[in-house]
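Spelled out, the chains give:
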Amino acid sequence: MSGMKSVLRVAAFGWACVALVSGCATNTITGRSQLMMVSEESAIKGSASAYNRMIGGLYQKGKVETGTPRAERAKEITDRLIAQAVRFRADSASWQWELQVIQDPKVNAFCMAGGKMAIYTGFWDKLRATDDEIAAVMGHEIGHALASHTREKMSVDLAAKMGAMVAAAVLSRSDPSAFARNADALQGAAAVAVTLPNSREAETEADQIGIELAARAGFDPRGAVTLWEKMRKMGGGMPEFLSTHPAHETRIQNLSALVPKVDPLYQLAKAGKPTDGIPSFVGAGAKTNAAEREAYAAKVAAQPDAMSFVSSPFEQFRRGETVLDCQLACLVSYGIHRGDWKKLYEKKAWRDLAVGVLQVGYLNDLSYFLLAEAAAGMSLPGAARAYYQRALQAAQAGKTCGGGLADTCEGIEVTRLTQNALR
Ligand SMILES: [Zn+2]
């Protein structure tokens, strides 16, 4: 994309994040703040129509490859990844997942909001990619969709286009937000989103999610490393969709460091049958069965290891090693978010709760108590105990939510519940 356009996009992003506070959301998987002007539902609808249009056009040109061994393999690989994706996001069980193999020498792949995917034959023809490497690519792209990066990019595109409309709306009092719900605008934004590069943070997130998905699906996580080594060798012919991806060396280093972390998951998956646990709703020609999808989502959500995500603050939390030390600087953020924490606590949305508390980082007994409850809910008794103890220590040091007039405990009996838990 051109320099000027990118300046406009960045400006629009900043503007939209300030002006439309509701448009900025915290990602429940990664804890990062994102510009979200488009609802999940709209993003999925817009993406599906952009995808159908694009694939329809390619099909007419005879560029959609079906029935070949590699196309069948690619579908099998993504089916196995999808079965794991639901562990990260239960609601993705209801997505109408779809993969098409596009005959094009480009080394390119994407996954839109709602699970509409494509991979280009350049991966085989140019890179001679192995199954493990294809799993690494598609795991990475699915990671973008799970972490709502595609929706984020649609929002950036819409924000850029809305800039002028908002100015006009201020004069005419029409509703600029209607534009963000307009079907054509959404389809356009979805089509643009797959061509926009991801931010560096988004890339790192997708790498982390992708390598874990692949390992859990029984693909060697070293495939991620060898894939990028092949990309590096390709050199100058850097694929467009990777243009702002982190430097190859950094990425290869980071991925190599993740391999030993997810390798146990790979070994475990390899010991079972590769098709174990693949729900019948994925795959070509699968019929939509809402009840079956919901049942599967509930099943994996109840499994104790369903919450794993190898971001370092989250891993630290799981080990019981999180230490909160932020005070004044985090006070405002604490004030804004603690009401949401209460809701997550009541819903037993343990991962979202932990991520929310970690992101704010405010030191007091309520924060530690909520981390403890989240850890307990995620079957991490050792970590839970450590956080209950830190909640007590914080209270003893005067860092308590129960401060008489300035009570910020959200009606939770933090002291009593903490003492009970440690008994
Ligand atoms: Zn990416």
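Our subject is the structure that appears above.
Heads up: these notes are all about the structure in this document. (Residues numbered from 1 in each chain as written. Predicted model: local features only at pLDDT ≥ 70, side-chain atom pairs only at ≥ 80, totals over all residues. Heavy atoms only, no water.)

Here we take up the overall build of the chain. Regarding its fold elements, the chain presents 17 helices and 6 strands. Restricting the contact set of the chain to residue pairs at least 6 apart, pairs at least 24 apart contribute 71%. Carbon and sulfur atoms make up 56% of the accessible area of the chain, which totals about 19200 Å². (Helix = DSSP H or I, 4+ residues; strand = E, 2+ residues; numbered from the N terminus. Contact = heavy atoms within 4.5 Å. Areas by Shrake-Rupley, 256 points an atom, 1.4 Å probe, with all protein chains shown as cover.)

The protein atoms donating to the zinc ion are His140 (NE2), His144 (NE2), Glu203 (OE) and Glu203 (OE), with metal-donor distances spanning 2.1 to 2.5 Å. Relative to the metal, the 4 donor atoms surrounding the zinc ion lie at angles of 53 to 129 degrees, and the coordination shape comes out irregular. Sequence spacing of the donors to the zinc ion: H-x3-H-x58-E. Taken as a pair, His140 and His144 lie in helix H5 (residues 131–146) at a separation of 4 residues, close to a single helical turn. Taking relative accessible area as the criterion, His140 reaches 5% and is therefore assigned buried. (Donors = N, O, S within 2.8 Å, 3.2 Å for Na, K, Ca; no water. Tetrahedral: all angles 85-135°; square planar, octahedral: opposite > 155°, others 65-115°. Buried < 20%, exposed > 50% of the residue type's maximum accessible area, 1.4 Å probe, protein only.)

The next subject is the packing of aromatic side chains. Tallied over the full model, the rule gives 9 aromatic pairs. Their ring planes at 85 degrees and their centres at 6.5 Å tell us that Tyr51 and Phe110 sit as a pair that is edge-to-face. With Tyr51 in helix H2 (residues 40–60) and Phe110 in strand S5 (residues 109–111), the pair connects residues that are 59 residues apart, well separated along the chain. Here Tyr51 and Phe110 have matching classes, each one buried. Here a set of aromatic residues connected by ring pairs shows up, and it is made of Tyr345, Trp350, Phe369 and Tyr388. One cation-aromatic arrangement involves Arg251 over Trp228; the distance from NZ or CZ to the ring centre is 4.0 Å. (Phe/Tyr/Trp six-rings, centres within 6.5 Å; stacked < 30°, edge-to-face > 60°. Lys NZ or Arg CZ within 6 Å of the ring centre and 35° of its normal.)

For the rest of this paragraph, the subject is the environment of Ser49. Looking at where Ser49 falls in the secondary structure, it is placed in helix H2. Given a relative accessible area of 28%, Ser49 falls into the partly exposed group. As a C-alpha pair, Ser49 and Ala191 span 142 residues in sequence and 9.2 Å in three-dimensional space. A distance of 3.2 Å separates a polar side-chain atom of Ser49 from the backbone oxygen of Gly46. (Polar contact = N/O pair within 3.5 Å; in protein donor to acceptor, adjacent residues only side chain to side chain.)

Among the nonpolar cores identified, the biggest contains 48 residues, and Ile119, Phe123, Met138 and Ile142 are the most heavily contacted of them. Among the elements that line this core, the one with the most residues is H5, at 8 residues. Beyond its immediate stretch of four places on either side in the chain, Ile119 contacts Leu99, Gln100, Val101, Ile102, Asn108, Ala109, Trp124, Ile134 and Met138. (Core = buried A, V, L, I, M, F, W, Y, C linked by side-chain atoms within 4.5 Å.)

Next up on the list: the pairing of strand S4 (residues 98–102). In terms of burial, S4 is a largely internal element, 4 of the 5 residues being buried. Where strand S3 (residues 64–65) and S4 come together, 2 bridges link them in antiparallel fashion. Each residue of the ladder has a partner; that of Glu65, found in S4, is Val101. The pairing of S4 with strand S6 (residues 116–120) spans 5 bridges and is classified as parallel. Within S6, the position partnered with Ile102 by the bridge is Tyr120. (Pairing = 2+ DSSP bridges.)

All right, on to the pairing of S6 then. Of all 5 residues in S6, 5 are buried, a share of seventy percent or more. Of the two faces of S6, both are covered, the one formed by Lys116, Ala118 and Tyr120 as well as the one formed by Met117 and Ile119. Relative to S6, S5 is paired through 3 bridges, and the arrangement is antiparallel. Within S6, the residue paired with Ala109 across the bridge is Ile119. Counting the residues between successive antiparallel strands, the hairpin from S5 to S6 contains 4 residues, one of them, Gly114, with a positive phi of roughly 90 degrees.

Throughout the structure, instances matching the rule amount to 1 disulfide. Shown here is the disulfide that connects Cys401 with Cys409, its sulfur atoms set 2.1 Å apart. Here Cys401 and Cys409 share a disulfide; its torsion about the S-S bond, 95 degrees, makes the bridge right-handed. Under the relative-accessibility criterion, Cys401 is labelled buried at 1%. Of the residues examined, Cys409 reaches a relative accessible area of 8% and is grouped as buried. (Disulfide = S-S within 2.5 Å.)

Here we come to the packing of H5 against helix H8 (residues 200–216). Closest axis-to-axis distance for the H5/H8 pair is 7 Å, and the angle between their directions is 125 degrees. Between H5 and H8, the interaxial angle falls into the category oblique. Handedness of the crossing formed by H5 with H8: right-handed. Contacts from Ala135, Gly139, His140, Ile142, Gly143, His144 and Leu146 in H5 reach Ala202, Glu203, Ala206, Asp207, Ile209, Gly210, Leu213 and Ala214 in H8. Each residue belonging to the contact of H5 with H8 can be placed in one class, and the counts come to 8 nonpolar, 5 polar and 2 charged. (Axes fitted to C-alpha atoms, helices over the stretch in contact; angles between N-to-C directions. Parallel < 35°, antiparallel > 145°, perpendicular 65-115°, else oblique. Left-handed = near helix turned anticlockwise from the far one by under 90°. Nonpolar A, V, L, I, M, F, W, Y, C, P; charged D, E, K, R; others polar.)

Let us look at the pattern of salt bridges. The full count for this structure, using the stated rule, is 20 salt bridges. Across the salt bridge formed by Glu65 and Arg70, the nearest N and O atoms sit 2.8 Å from each other. Its relative accessible area of 3% is what places Glu65 among the buried residues. (Salt bridge = Lys/Arg side-chain N within 4 Å of Asp/Glu carboxyl O.)

Spatial ordering of the open sheet is given by S3-S4-S6-S5, a layout of 4 strands whose pairing is mixed. Whereas interior strands pair on both sides, the edge strands pair on one side only; in this sheet they are S3 and S5. Along the sheet, H2 contacts S3, S4, S5 and S6; its crossing angle with S4, the most-contacted strand, is approximately 35 degrees. In the packing of H5 onto the sheet, the strands contacted are S4, S5 and S6, and the crossing angle to S5 comes to about 35 degrees.

Geometric values such as these leave the question of function open.
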